[in-house]
Amino acid sequence: MKPDRLRSGRLPEDVVLEDPDARVPGELRREILRSEIAQHLATMHSKLEAAGSGEMKVDEPLLHAVHTMHGAIAMVEVPLLSEALLPLEGYLKRMRASDATMPEAGREALAEAMQATEQVASQFDSSEPVVADTRALVERLCELRDALDEPKPAHPVYTHDNLSEEEEPADQREEGTQ
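So, a few notes on the structure that sits alongside this text. (Residues numbered from 1 in each chain as written. Predicted model: local features only at pLDDT ≥ 70, side-chain atom pairs only at ≥ 80, totals over all residues. Heavy atoms only, no water.)

1. Some remarks on the pattern of salt bridges
Stated precisely, the cut-off is as follows: By definition here, a salt bridge exists when the distance from a side-chain nitrogen of Lys or Arg to a carboxyl oxygen of Asp or Glu is within 4 Å. By definition, any uninterrupted DSSP run of H or I lasting at least four residues is a helix, any uninterrupted run of E lasting at least two residues is a strand, and each is numbered from the N terminus. Relative accessibility under 20% of the residue-type maximum defines a buried residue, over 50% an exposed one, and the middle range a partly exposed one, all with a 1.4 Å probe and only protein chains included.
With the rule as written, the count across this model stands at 10 salt bridges. A salt bridge links D99 to K57; the shortest N-O distance between them is 3.5 Å. Placement of D99 in the loop between α3 (79–98) and α4 (104–121) and of K57 in the loop between α1 (26–51) and α2 (60–75) is noted, with a sequence separation of 42 residues between them. On the accessibility criterion, D99 (52% relative accessible area) is exposed. K57 gets classed as partly exposed once you look at its relative accessible area, which sits at 43%. R96 is paired through a salt bridge with E60; the nearest N and O atoms lie 3.4 Å apart. Residue R96 is found in helix α3, and its partner E60 is found in helix α2; the two are separated by 36 residues along the sequence. Residue classification places R96 among the partly exposed positions, given a relative accessible area of 36%. With a relative accessible area of 43%, E60 lands in the partly exposed category. It is possible to trace a salt-bridge network through shared partners that takes in R94, R145, D146 and E150.

Laid out in structure tokens, this is it:
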């Protein structure tokens, strides 16, 4: 999303989920998305509440909630939220891989992303939606994410360069060496 689309504090028209040409009515799509968001936000809230002011580690249910909610929001094209949830998901993936305790700044950014999601979702039916500017949140989430190492793949990635001749697939071996 271009920064100038956020300056007014209003949700751009193309973010509203009304689409007169869609096969599925906009109202139904909003209800489905609203339900998805509520379910995943409940998981996120419970994780934050359970941690309180104490230590919080990213677990699979939290990461799954953010990942699935981000996917649902991206599919119906709500860029204001997608742009905030993308770095949040990346941050949580890196936190999970590092097995580190989430710092207070991370918990605050998570709570702010949840609040922004709730605020936008509450205005899906509004003819004059007004939403907060999330650029500072996106910047903070990117900084938090980028301060952590990329997670290593769960499985080895093989390329031609790192395969020995013995491991090289038979169909790629030169004839006569089989």
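2. Looking at the nonpolar core
Across soluble globular proteins, nonpolar side chains show a tendency to be buried alongside one another. What counts here: Side-chain atoms within 4.5 Å are what join buried Ala, Val, Leu, Ile, Met, Phe, Trp, Tyr and Cys residues into a set we call a nonpolar core. Note on definitions: a residue-residue contact is assigned when non-hydrogen atoms from the two residues lie within 4.5 Å.
By size, the foremost hydrophobic cluster in this structure holds 37 residues, and its most contacted members are I37, M44, L62, I73, L88, L92 and L110. Contributing elements (two or more residues each) for this core: α1, α2, α3, α4 and α5 (135–146). Tallying contributions element by element places α3 first for this core, with 8 residues. Other than its neighbours up to four places away in sequence, L92 contacts V58, L62, L63, V66 and M102.

3. Looking at the packing of α1 against α4
For the record, the criterion: In this analysis an axis means a line fitted to C-alpha atoms, helices contributing only their contacting stretch, and an angle means the value between N-to-C directions, from 0 to 180 degrees. The cut-offs work like this: below 35 degrees is roughly parallel, past 145 is roughly antiparallel, 65 to 115 is roughly perpendicular, and the gaps in between are oblique. Whether a crossing is left-handed or right-handed is set by the direction in which the near helix is turned from the far one by less than a right angle, anticlockwise for left-handed and clockwise for right-handed.
Where α1 meets α4, the axes come as close as 11 Å, and the angle between the chain directions of the two elements is 155°. As the angle between them shows, α1 and α4 are arranged roughly antiparallel. Handedness of the α1/α4 crossing: left-handed. Side by side, α1 and α4 meet where R34, I37, L41, M44, H45 and L48 of the first sit next to R107, L110, A111, M114, T117, E118 and A121 of the second.

4. Describing the environment of L81
Mapped onto the fold, L81 is located in helix α3. As a C-alpha pair, L81 and A113 span 32 residues in sequence and 8.4 Å in three-dimensional space.

5. What to know about α3
Quick reminder of the rule: By this rule, a helix spans an expected 1.5 Å times one less than how many residues it contains.
Between the first and last C-alpha of α3 there are 29 Å, a value that for 20 residues agrees with the 28 Å anticipated at 1.5 Å per step. Backbone geometry just downstream of α3 places D99 in the positive-phi region, at approximately 60°.

6. Overview of unusual backbone geometry
Its identity is not glycine, yet E77 carries a phi of approximately 60°, on the positive side. With respect to the helices, strands and loops of the structure, E77 is situated in the loop between α2 and α3. According to the relative accessible area criterion, E77 is exposed, its value standing at 57%. The phi dihedral of D99 falls on the positive side, at around 60°, and the residue is not glycine.

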